[in-house]
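Geometric and topological summary
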Amino acid sequence: MTDWSTKPQPVGESRWRFPHFSEWPGDDLIIAGADLEPATLIAAYRNGIFPMALSNSKVLGWWSPDPRGIVPLDQLRVTRSMRQSDKQYEVRVDTCFVDVVGGCANPLRKDGWITGAFIRAYTRLHELGWAHSVEVFDRDGQLAGGLYGVRVERLFAGESMFNVRRDASKVALMALVQLMLDTGMTLLDVQWRTDHLDSLGAIGVARERYLVLLAEALASAAT
């Protein structure tokens, strides 16, 4: 496992201006348009916003759910099954980012949203040191599952997870939480809550509260 001590490369200023919180609508969708350039993406995460294409459209939507799903690092629910599964797998970090994103982008998955444009954009963020993957391998050395997301200071913005073997994505989440604790990170964002995430300890916080937690996470760099 890595300690994530290497600083990401600068991405510069975004050419787009995201609206101030005081200008946001009441809906989860904040604004539409812009692009997936590294500077745009990092500016969005710093403002509590993330991208996802609008339904049946190539137009980008920029979202801030209310309530916002987060996993408190001290409240991850680890079952006996997860602990047993953890012993069956090997966890690695940032060794096959593209494969993990590809697993998450499987077109057979329900409600898939990860297009080729997103794969290219987040692969570029990975190359610059901003996006990371946690990978879970079975005893045969095959990728059994994993997750990926974006790290900005003490924030990890989880984007997606997948598994092809039992509990593999849960083992990846366990490893991510431990890595975050080990490196002084404070905020694990999972965007929208789902029954699956709730079963692992996710909670919903009001948008205003999330932005306070985000400001605290961005206030000082992780070690």
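In case you missed it, the structure is sitting above this.
These numbers come from a predicted model, not from an experiment.

Quick word on the overall build of the protein
Counting secondary structure elements, the protein contains seven helices and ten strands. Over its C-alpha trace the protein gives a radius of gyration of 17 Å, about what one expects of a compact globule, namely 17 Å for 223 residues. Projected onto the principal axes, the alpha-carbon positions of the protein cover approximately 50 × 35 × 35 Å. Relative to its 223 residues, the protein shows a buried fraction of 51%. Intrachain contacts of the protein at a sequence separation of at least 6 include 74% that bridge at least 24 residues. Just so you have it, the protein exposes about 11000 Å², and 49% of that area is on carbon and sulfur atoms.

Quick look at the packing of aromatic side chains
Overall, the coordinates contain eight aromatic pairs when judged by the stated rule. Ring geometry for tryptophan 63 against tryptophan 192: centres 5.7 Å apart, planes inclined by 65 degrees, an arrangement best described as edge-to-face. Residue tryptophan 63 is found in strand β3 (residues 60-63), and its partner tryptophan 192 is found in the loop between β9 (187-191) and α6 (195-199); the two are separated by 129 residues along the sequence. With a relative accessible area of 16%, tryptophan 63 lands in the buried category. Judged by centre distance (6.0 Å) and plane angle (70 degrees), the rings of tyrosine 122 and tyrosine 148 are edge-to-face. Taken as a pair, tyrosine 122 in helix α4 (residues 116-127) and tyrosine 148 in strand β7 (residues 143-152) lie far apart in primary sequence, 26 residues in all.

A closer look at the packing of helix α1 (residues 38-46) against α4
At a minimum axis distance of 10 Å, the contact between α1 and α4 shows a crossing angle of 85 degrees. Taken together, the axes of α1 and α4 are roughly perpendicular relative to one another. Across the interface between the two elements, Pro38, Leu41, Ile42 and Tyr45 of α1 pack against Ala121, Tyr122, Arg124 and Leu125 of α4. Taken together, the residues of the contact of α1 with α4 sort by class into seven nonpolar, no polar and one charged.

Brief notes about the sheet that holds strand β4 (residues 68-70)
On the basis of which strands lie adjacent, the open sheet formed by seven strands has the order β5-β6-β7-β8-β9-β4-β10 and mixed pairing. Each having just a single partner strand, β5 (90-93) and β10 (203-205) make up the two edges of the open sheet. Within this sheet the neighbouring strands show an average axis-to-axis angle of 35 degrees, counted without direction. α1 rests against β7 and β8 (155-163) of the sheet, and its axis sits at about 80 degrees to β7. Most of the contacts of helix α7 (residues 207-218) go to β9, to which it runs at about 140 degrees, and overall it touches β4, β7, β8, β9 and β10.

Notes on the sheet that holds strand β1 (residues 29-32)
One open sheet accounts for three strands, arranged β1-β3-β2; its pairing is antiparallel. Of all strands in the sheet, those with a lone pairing partner are β1 and β2 (50-53), marking the two edges. Strand-to-strand twist across the sheet, computed as the mean angle between neighbouring axes with direction ignored, equals 35 degrees. As paired elements, β2 and β3 share four bridges and run antiparallel to each other. Each residue of the ladder has a partner; that of phenylalanine 50, found in β3, is tryptophan 63.

Parameters and conventions
Residues numbered from 1 in each chain as written. Predicted model: local features only at pLDDT ≥ 70, side-chain atom pairs only at ≥ 80, totals over all residues. Heavy atoms only, no water. Helix = DSSP H or I, 4+ residues; strand = E, 2+ residues; numbered from the N terminus. Rg over C-alpha atoms; globule rule 2.2 N^0.38 Å. Buried < 20%, exposed > 50% of the residue type's maximum accessible area, 1.4 Å probe, protein only. Contact = heavy atoms within 4.5 Å. Areas by Shrake-Rupley, 256 points an atom, 1.4 Å probe, with all protein chains shown as cover. Phe/Tyr/Trp six-rings, centres within 6.5 Å; stacked < 30°, edge-to-face > 60°. Axes fitted to C-alpha atoms, helices over the stretch in contact; angles between N-to-C directions. Parallel < 35°, antiparallel > 145°, perpendicular 65-115°, else oblique. Nonpolar A, V, L, I, M, F, W, Y, C, P; charged D, E, K, R; others polar. Pairing = 2+ DSSP bridges.

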